[in-house]
There are 2 protein chains.
Amino acid sequence: MEAYMTDYSPPLSGSAQDETRELRPKFNADGLIAAIAQDATSGEVLMLAWMNAEALAATVSTGRATYWSRSRGELWVKGDTSGHIQEVVEVRVDCDQDAVLLRVNQTGGACHTGRDSCFYRVIAPDGQTLSLDAKNT
Amino acid sequence: MEAYMTDYSPPLSGSAQDETRELRPKFNADGLIAAIAQDATSGEVLMLAWMNAEALAATVSTGRATYWSRSRGELWVKGDTSGHIQEVVEVRVDCDQDAVLLRVNQTGGACHTGRDSCFYRVIAPDGQTLSLDAKNT
């Protein structure tokens, strides 16, 4: 993969960070930012993954959702192996810029289990038991 | 706040974790799990915050979204100060159980800036500039 610009400006403090019109991502101690992927059409939340600076830059630049695989320790262009790509419609950042929200057109299931979304189980009122949602029963 | 049950069973390995019907949250090194809040009616993604075991148990038990404030180092019942409470309709967990998704009825703005959602800025194609979304211009 080609190298992407990753020299982001540093975060500002307090409300300046909330109101700036510059992308100043706040990466955690591991150099990562949380990324939520949401289906652009249905609004379904598909998955939560992580990006380093290069993954974030690549996602915006290529329009293909690209994450950092914490388990494999490498960039992960979603769908390169599975074919289940995410075409990025829009990338948003939250108030303090430590999370991003991708609105995507998802091909196939977003989840490695084959399901549309990774969030296919609902926590029961007992707080301990899980049940499959209506799409997956 | 009363004490909540926090003796969750430990995560399983591989696909067993994906398919178990037991809640076995995978907390990170700081004892936290990522929590996405989504408006139950509109599907709008409102915010990303963090929960420790007690916050997760309290959220399910009370039906009020409860997070762990990393900046203040304390449990944070959303809306206790601002009045902008989140009534929890459903809590989901993802495949490897290191993230939860709350579907909520949100009173007032979810964001501390007063906006409905924390994700009010869109990253421009240049990858560096932010613009306010249509609701906030």
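Nothing here was measured: the structure is a model prediction, and the numbers come from that model.

### Section: helix 2 (residues 53–62) of chain B
Here is step 1: Counting buried positions along helix 2 of chain B gives seven out of ten residues, so the element sits mostly inside the fold.
Here is step 2: Those residues of helix 2 of chain B lying buried are Ala53, Ala55, Leu56, Ala57, Ala58, Thr59 and Val60 of chain B.
Here is step 3: Buried residues along helix 2 of chain B sit against strand 7 (121–123) of chain A together with strand 2 (45–51), strand 3 (66–69), strand 4 (74–77), strand 5 (86–93) and strand 6 (99–106) of chain B.
Here is step 4: Two residues or fewer after helix 2 of chain B comes Gly63 of chain B, characterised by a positive phi angle close to 75°.

### Examining the UniProt feature "domain: Phosphoribosyl-AMP cyclohydrolase" (unreviewed entry) in chain A
Here is step 1: In the numbering used here, UniProt assigns the "domain: Phosphoribosyl-AMP cyclohydrolase" (unreviewed entry) feature to residues 47–120 of chain A.
Here is step 2: Structurally, residues 47–120 of chain A comprises 14% helix and 39% strand, and the distance from its first C-alpha atom to its last is 10 Å.

### Observations regarding the UniProt feature "binding site: Zn(2+)" (unreviewed entry) in chain A
All names here are of chain A.
Here is step 1: Here, the residues flagged by UniProt with the feature "binding site: Zn(2+)" (unreviewed entry) are Cys95, Cys111 and Cys118. The greatest C-alpha distance among the residues just named is 27.4 Å, and with 24 residues of sequence between them they are spread in space as well.
Here is step 2: Within the secondary structure layout, Cys95 lies in the loop between strand 5 (86–93) and strand 6 (99–106).
Here is step 3: You can call Cys95 buried: its relative accessible area is 6%.

### A few points about the sheet that holds strand 8 (residues 130–132) of chain B
Here is step 1: In spatial order, the strands read 2(A)-1(A)-6(A)-5(A)-7(B)-8(B); together these six strands make up an open sheet with mixed pairing. Two strands bound the open sheet, and with one partner strand each, they are strand 2 (45–51) of chain A together with strand 8 of chain B. The average angle at which neighbouring strand axes cross in this sheet is 35°, direction not considered.
Here is step 2: Relative to strand 8 of chain B, strand 7 (residues 121–123) of chain B runs antiparallel, the two being bridged by three bridges. Pairing of Ile123 of chain B across the sheet is with Leu130 of chain B, part of strand 8 of chain B.
Here is step 3: Contacting strand 2, strand 5 and strand 6 of chain A together with strand 7 of chain B, helix 2 (residues 53–62) of chain A crosses the sheet at an angle of about 130° to strand 2 of chain A.

### Brief notes about the pattern of salt bridges
Here is step 1: All chains considered together, the criterion is met by 20 salt bridges over all chains.
Here is step 2: Between Glu90 of chain A and Arg92 of chain A there is a salt bridge, and its shortest N-O distance comes to 2.7 Å.
Here is step 3: By relative accessible area, which is 14% here, Arg92 of chain A ends up buried.
Here is step 4: A salt bridge links Arg103 of chain A to Glu90 of chain A, with the shortest nitrogen-to-oxygen separation between them at 3.2 Å. Placement of Arg103 of chain A in strand 6 and of Glu90 of chain A in strand 5 is noted, with a sequence separation of 13 residues between them.
Here is step 5: Among the residues examined, Arg103 of chain A registers a relative accessible area of 24% and is labelled partly exposed.
Here is step 6: In this structure, a network of salt bridges that share partners links the residues Glu90, Arg92 and Arg103 of chain A together with Asp133 of chain B.

Conventions and cut-offs
Residues numbered from 1 in each chain as written. Chains lettered and ligands numbered in written order. Predicted model: local features only at pLDDT ≥ 70, side-chain atom pairs only at ≥ 80, totals over all residues. Heavy atoms only, no water. Buried < 20%, exposed > 50% of the residue type's maximum accessible area, 1.4 Å probe, protein only. Helix = DSSP H or I, 4+ residues; strand = E, 2+ residues; numbered from the N terminus. Contact = heavy atoms within 4.5 Å. UniProt positions renumbered as here; feature names shortened; annotations may be inferred. Pairing = 2+ DSSP bridges. Axes fitted to C-alpha atoms, helices over the stretch in contact; angles between N-to-C directions. Salt bridge = Lys/Arg side-chain N within 4 Å of Asp/Glu carboxyl O.

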